[in-house]
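Working through the structure, step by step
Listed here are the chains, written in short residue letters.
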Amino acid sequence: EATGDASLRVWPSANEKAARLRVARLHADGAERRLQRSHGLSKAIVQRGDVLVFDGLALVDLTKSAKGTADEPGEDVARKSELNRKMLDGGLGQTQVFAGYKAADRGGVVMALPAVNISTECPACGLVDARNHPSATVFQCVGCGHEANANVLAAAHLARRYAEGLRPTEKRAKVSIAKRGKRKS
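Since this is a predicted model, take the numbers as computed values, not measurements. (Residues numbered from 1 in each chain as written. Predicted model: local features only at pLDDT ≥ 70, side-chain atom pairs only at ≥ 80, totals over all residues. Heavy atoms only, no water.)

1. Points about the state of the cysteines
Counting across every chain of the model gives 0 disulfides. The thiol of Cys-122 is unpaired, and the distance to the nearest cysteine sulfur, on Cys-144, comes to 3.7 Å. Given a relative accessible area of 1%, Cys-122 falls into the buried group. Cys-141 takes part in no disulfide bond, and the closest cysteine sulfur, belonging to Cys-125, lies 3.6 Å away. Classification of Cys-141 by relative accessible area gives buried; the value is 4%. (Disulfide = S-S within 2.5 Å. Buried < 20%, exposed > 50% of the residue type's maximum accessible area, 1.4 Å probe, protein only.)

2. Brief notes about the pattern of salt bridges
One pass over the structure, following the stated rule, counts 6 salt bridges. Glu-121 is the partner of Arg-161 in a salt bridge, and the nearest nitrogen-oxygen pair spans 3.7 Å. Taken together, the residues span a long stretch of sequence, with Arg-161 in helix H5 (residues 150-163) and Glu-121 in the loop between strand E2 (109-113) and strand E3 (138-140) at a distance of 40 residues. Glu-121 matches Arg-161 in its accessibility class, with the two residues each being buried. (Salt bridge = Lys/Arg side-chain N within 4 Å of Asp/Glu carboxyl O. Helix = DSSP H or I, 4+ residues; strand = E, 2+ residues; numbered from the N terminus.)

3. Digging into the packing of helix H1 (residues 14-47) against helix H4 (residues 92-105)
Packed helices, taken two at a time, are described by their axes: the angle between them and the distance between them. Contact geometry of H1 with H4 gives a least axis separation of 8 Å together with a crossing angle of 45°. As judged from the angle between their axes, H1 and H4 are oblique. Crossing hand, H1 versus H4: right-handed. Counting all contacts with H1, which are made through Arg-34, Leu-35, Ser-38, His-39, Leu-41, Ser-42, Lys-43, Ile-45 and Val-46, the residues of H4 involved are Gln-94, Thr-95, Phe-98, Ala-99, Tyr-101, Lys-102 and Ala-103. Considering only residue class, the contact of H1 with H4 consists of 8 nonpolar, 5 polar and 3 charged. (Axes fitted to C-alpha atoms, helices over the stretch in contact; angles between N-to-C directions. Parallel < 35°, antiparallel > 145°, perpendicular 65-115°, else oblique. Left-handed = near helix turned anticlockwise from the far one by under 90°. Contact = heavy atoms within 4.5 Å. Nonpolar A, V, L, I, M, F, W, Y, C, P; charged D, E, K, R; others polar.)

4. Re the environment of Arg-131
Counting through the fold element by element, Arg-131 comes out in the loop between E2 and E3. C-alpha separation for the pair Arg-131 and Cys-141, spaced 10 residues apart in sequence, amounts to 7.6 Å. With near-sequence residues (within four places) excluded, Arg-131 lies in contact with Gln-140 and Val-142. Of the polar contacts made by the side chain of Arg-131, one reaches the side chain of Asp-129; its length is 2.8 Å. (Polar contact = N/O pair within 3.5 Å; in protein donor to acceptor, adjacent residues only side chain to side chain.)

5. Focus on the packing of aromatic side chains
Under the criterion given, the structure shown has 1 aromatic pair. Ring plane angle 75° and centroid distance 5.9 Å describe the contact between Phe-98 and Tyr-101, whose orientation is recorded as edge-to-face. Placement of both Phe-98 and Tyr-101 in helix H4 is noted, with a separation of 3 residues, approximately one turn of the helix. Residue Phe-98 is classed as buried on the basis of its relative accessible area of 11%. (Phe/Tyr/Trp six-rings, centres within 6.5 Å; stacked < 30°, edge-to-face > 60°.)

Have a look at this one:
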């Protein structure tokens, strides 16, 4: 049961304004932390080499909603939504952009190569099988038994593809190549 006349209520109240301001500050603080983390990580990455090769995963496509439509509703929407939030909160795309301009300032090259089969292809026997990647960090070939850390293996595949002269094409991946000399001050 409401007390008082609803027409006399001041909207929004001072408490609600203060609460909204606190939430806005928390979001701004989080955004600033992500920005600083991306800058620091990209600086560390660029200092390790002149050629940076990223996998050509499209975050826009990876983080599409699983909501579906009224006729065909999505499955496990809450889990997909949480995964999307975590992927975007990690700032991978922002880190790649920052690494691109920092590498370009140093005269380096940044490119994205196709990520096709980099986590399922065995470097020892060449077998491509989804079962080769049983968990997030483990690679174990079902053909020859070769074992490795999945992330290290994926990086090695990208390095090998770059060394073999594989270059991105419009059909294979979106290209992000940055190369220019040092800025003149």
